[in-house]
Amino acid sequence: MDANDDLERSFRERILEDVRPWGRFRAYPYELGATVKIITVDPGRALSLQYHRRRAEFWVALDPGLEVTVGDRVWSPAPNEEIFIPRKALHRLRGLGPRPARVMEIWIGDPDESDIVRVQDDFGR
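Now for a look at the structure at hand. All chains use their own residue numbering, which begins from 1 and follows the written sequence. Only residues with pLDDT of at least 70 get local features here, since the model is predicted, and only at 80 or more are side-chain atom pairs given and counted; chain-wide, interface and lining totals rely on the full set of residues. Processing note: side-chain calculations cover all non-hydrogen atoms of the structure and skip hydrogens and water entirely.

## Considerations on the side chain of Arg 55
Part 1 of the argument: A helix here means a DSSP run of H or I that spans at least four residues, while a strand means a run of E at least two residues long, and both kinds are numbered starting from the N terminus. Looking at where Arg 55 falls in the secondary structure, it is placed in strand E5 (residues 55–61).
Part 2 of the argument: Here a polar contact means two N or O atoms within 3.5 Å. Within protein one must be a hydrogen donor candidate and the other an acceptor candidate, and residues neighboring in sequence count only if both atoms are side-chain atoms. Side chain to side chain, Arg 55 and Glu 57 meet in a polar contact 3.2 Å long.
Part 3 of the argument: Here a residue-residue contact requires only that any non-hydrogen atoms of the pair lie within 4.5 Å. Those residues in contact with Arg 55 that sit more than four places away from it in its chain are Arg 87, Trp 107, Ile 108, Gly 109, Asp 110, Asp 112 and Asp 115.

Structure (structure tokens):
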């Protein structure tokens, strides 16, 4: 087991789910998370194929119409599907549906926006 496996297990073990009369909620561990974002991807657009040296990420698909790449795996996550992206893993998010689609992203590790290595980018960045 490597450090990424330990980090993912530690993060997932701290997720709290509670059932209430009106439904349920999931609380994500803030002590490991550095930044929380809601990313909206327009139809036909994609984030760069990228990786991070100093942080892992945890995504929750909020809408249908997304395609996720993590390493060699490419799939369309279901809404509410939780996805762990290990540090240094190539990853990408693409909008496939007819409407914009969102993912919640939690950074685990260094909260520096410049910690991004773009391998391929549709916008020439």
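## Considerations on the nonpolar core
Part 1 of the argument: If you look at the biggest cluster of nonpolar residues, it comprises 14 residues, and the most contacted ones within it are Trp 59, Leu 66, Val 68, Ile 83 and Leu 93.
Part 2 of the argument: Listing elements by their share of this core, those giving two or more residues are strand E3 (33–41), E5, strand E6 (66–70), strand E8 (82–85) and strand E10 (101–109).
Part 3 of the argument: By residue number, the principal contributor to this core is E6, which donates three residues.
Part 4 of the argument: The residues contacting Ile 83, other than those within four sequence positions of it, are Arg 12, Glu 57, Phe 58, Trp 59, Val 68, Val 70, Trp 75 and Pro 77.
Part 5 of the argument: Only buried residues count toward a nonpolar core, which is a set of Ala, Val, Leu, Ile, Met, Phe, Trp, Tyr and Cys residues joined through side-chain atoms within 4.5 Å. For each residue, the accessible area found with a 1.4 Å probe, counting protein chains only, is set against the maximum for its type, and the residue is called buried under 20%, exposed over 50%, and partly exposed in between. In this structure, Leu 7, Phe 11, Phe 58 and Ile 106 belong to the second largest nonpolar core, which totals ten residues.

## With respect to the packing of aromatic side chains
Part 1 of the argument: Pairing of aromatic side chains requires ring centres within 6.5 Å, counting the rings of Phe and Tyr and the six-membered ring of Trp. Pairs whose planes differ by under 30 degrees are stacked, by over 60 edge-to-face, and all others tilted. If you walk through the whole model with that rule in mind, you get one aromatic pair.
Part 2 of the argument: When the ring of Phe 11 is compared with that of Phe 58, the centres are 4.8 Å apart and the planes differ by 50 degrees; the resulting orientation is tilted. Taken together, the residues Phe 11 in helix H1 (residues 3–13) and Phe 58 in strand E5 connect sequence positions 47 residues apart. By the burial criterion, Phe 11 is buried, and Phe 58 matches it.
Part 3 of the argument: For a ring to carry a charge above it, either NZ of a lysine or CZ of an arginine must fall within 6 Å of the ring centroid while also lying within 35 degrees of the normal to the ring plane. In this arrangement the basic side chain of Arg 55 is found over the ring face of Trp 107, its NZ or CZ atom lying 3.7 Å from the centre.

## Digging into the environment of Asp 115
Part 1 of the argument: Within the secondary structure layout, Asp 115 lies in the loop between E10 and strand E11 (117–120).
Part 2 of the argument: Overall, Asp 115 belongs to the buried group, its relative accessible area being 2%.
Part 3 of the argument: Between the alpha carbons of Asp 115 and Tyr 51 there is a distance of 8.3 Å; along the sequence they are 64 residues apart.
Part 4 of the argument: Setting aside anything within four residues of it in sequence, one finds Asp 115 in contact with Tyr 51, His 52, Arg 53, Arg 54 and Arg 55.
Part 5 of the argument: Polar contacts involving the side chain of Asp 115 include one to the main-chain amide nitrogen of Arg 55, which spans 3.4 Å.

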